[in-house]
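Overview (structure and organization)
Here is how the chains run, residue by residue.
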Amino acid sequence: MATERIPADLLFGSNIVAMVSPMKPDGSIDDAGVASLVEHLLSTGCDGLVVGGTTGEAPTLGDFEAIELVRLVKKLAQGQVPVIAGVGTYDTAATVRRAQEAEAAGADALLLVTPYYNRPTQAGVVAHCTTVADATALPVMLYDIPGRTGLALTASTIIELAAHPRIQAIKDAKGDLFEAITIMARTGLAYYCGIDELNLPYLASGATGVVSVVGNVVADRNAELIRAVRESNLDVAQKVNRELIPVTDALMRTSSGAIMAKAALAELKIIENATVRLPLVESPAEDLQKLRYALETVAIKA
């Protein structure tokens, strides 16, 4: 039986963008670039910001940098949208510290990725997630992305975690739509599509919204897609989805989302540099050519 919860739109948003972390050519965080990006995202209909997630190059952000980014984005957002801090690591104690520091820095919610590399059992995952959720008063969005972590959340684990009062949502980058539908029917957990290529089928199946990489560039089009689905206007939703195929393909099916989202934002003059940190490297020429073509074919609001 689903439990009564605060509407997920109020806690997290629905048209959420997994922000890149703008950097200077030397690899340091570009505060001016962060400010420009936040302004762009708010003006194009984004209603939730993930800071320090996969697209934000979380693995190469130092602890201090990650928290300072949360503090900066919270200040720039001025309370207009929730700021969701990516805090997950493979170390429960370190994740607890990050969660508490993010809360102190003003984060409105936490994004908690499944522990990676050390491959705990499902019981270990439950203990990890509940320990982190118990460490702050913030709502938690789980993040299931087995392609990066090497460990998927099972349906029974997700259902068990959904009973925790602060675990309110999940970013599903696993892509098992039937499992998602089943869990939505059995819990009050809010589902967010974390695979841009599958935004429409997830939304049409009852997902609350999206946590989008492509939204760095086309948050306004994602807003149209979400609105069309909520208004049961399938023809419009399909049209918007088809129009987004070139840019989704260019950002998600080439180098990597973080690399290509930064390249796109630099092409649009929203950020100055497409710098990424090693082991990521900037877009190769052939991917950049494909990206430029895609940006020409999709109406982009810069």
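Since the model is a prediction, treat every value here as computed from it, not as a measurement.

Procedures and definitions
Residues numbered from 1 in each chain as written. Predicted model: local features only at pLDDT ≥ 70, side-chain atom pairs only at ≥ 80, totals over all residues. Heavy atoms only, no water. Axes fitted to C-alpha atoms, helices over the stretch in contact; angles between N-to-C directions. Helix = DSSP H or I, 4+ residues; strand = E, 2+ residues; numbered from the N terminus. Parallel < 35°, antiparallel > 145°, perpendicular 65-115°, else oblique. Contact = heavy atoms within 4.5 Å. Nonpolar A, V, L, I, M, F, W, Y, C, P; charged D, E, K, R; others polar. UniProt positions renumbered as here; feature names shortened; annotations may be inferred. 1 Å grid on protein atoms, 1.4 Å probe; cavity = no way out; pocket = protein on both sides within 12 Å on 5 of 7 lines; lining within 4 Å. Buried < 20%, exposed > 50% of the residue type's maximum accessible area, 1.4 Å probe, protein only.

1. Considering the packing of helix α12 (residues 245–252) against helix α13 (residues 257–267)
Between α12 and α13, whose axes approach to 7 Å, the crossing angle comes to 125 degrees. The orientation of α12 with respect to α13, classified from their angle, is oblique. Residues A250, L251 and M252 of α12 lie in contact with α13, whose contacting residues are G257, M260, A261 and A264. Its residues assigned to classes, the contact of α12 with α13 comprises 6 nonpolar, 1 polar and no charged.

2. Some remarks on the UniProt feature "active site" (unreviewed entry) in the protein chain
Feature annotation in UniProt places "active site" (unreviewed entry) on Y143 and K171, given in this structure's numbering. The greatest C-alpha distance among the residues just named is 4.7 Å, despite their covering 29 residues of sequence, which places them together in space. Restricting the annotated residues to those that line the largest pocket leaves Y143 and K171. Following the sequence through the fold, Y143 ends up in strand β5 (residues 140–144). Ignoring sequence-local partners within four residues, the contact set of Y143 consists of T54, L111, L112, V113, T114, K171 and A173. For K171, a relative accessible area of 5% translates into the label buried. When residues no more than four places from it in sequence are discounted, the contact partners of K171 are L111, M141, L142, Y143, D144, Y192, G194 and V211.

3. Points about the environment of E101
As for its position among the elements, E101 is in helix α4 (residues 92–104). Of the residues examined, E101 reaches a relative accessible area of 36% and is grouped as partly exposed. For the pair E101 and G27, spaced 74 residues apart in sequence, the C-alpha separation works out to 23 Å.

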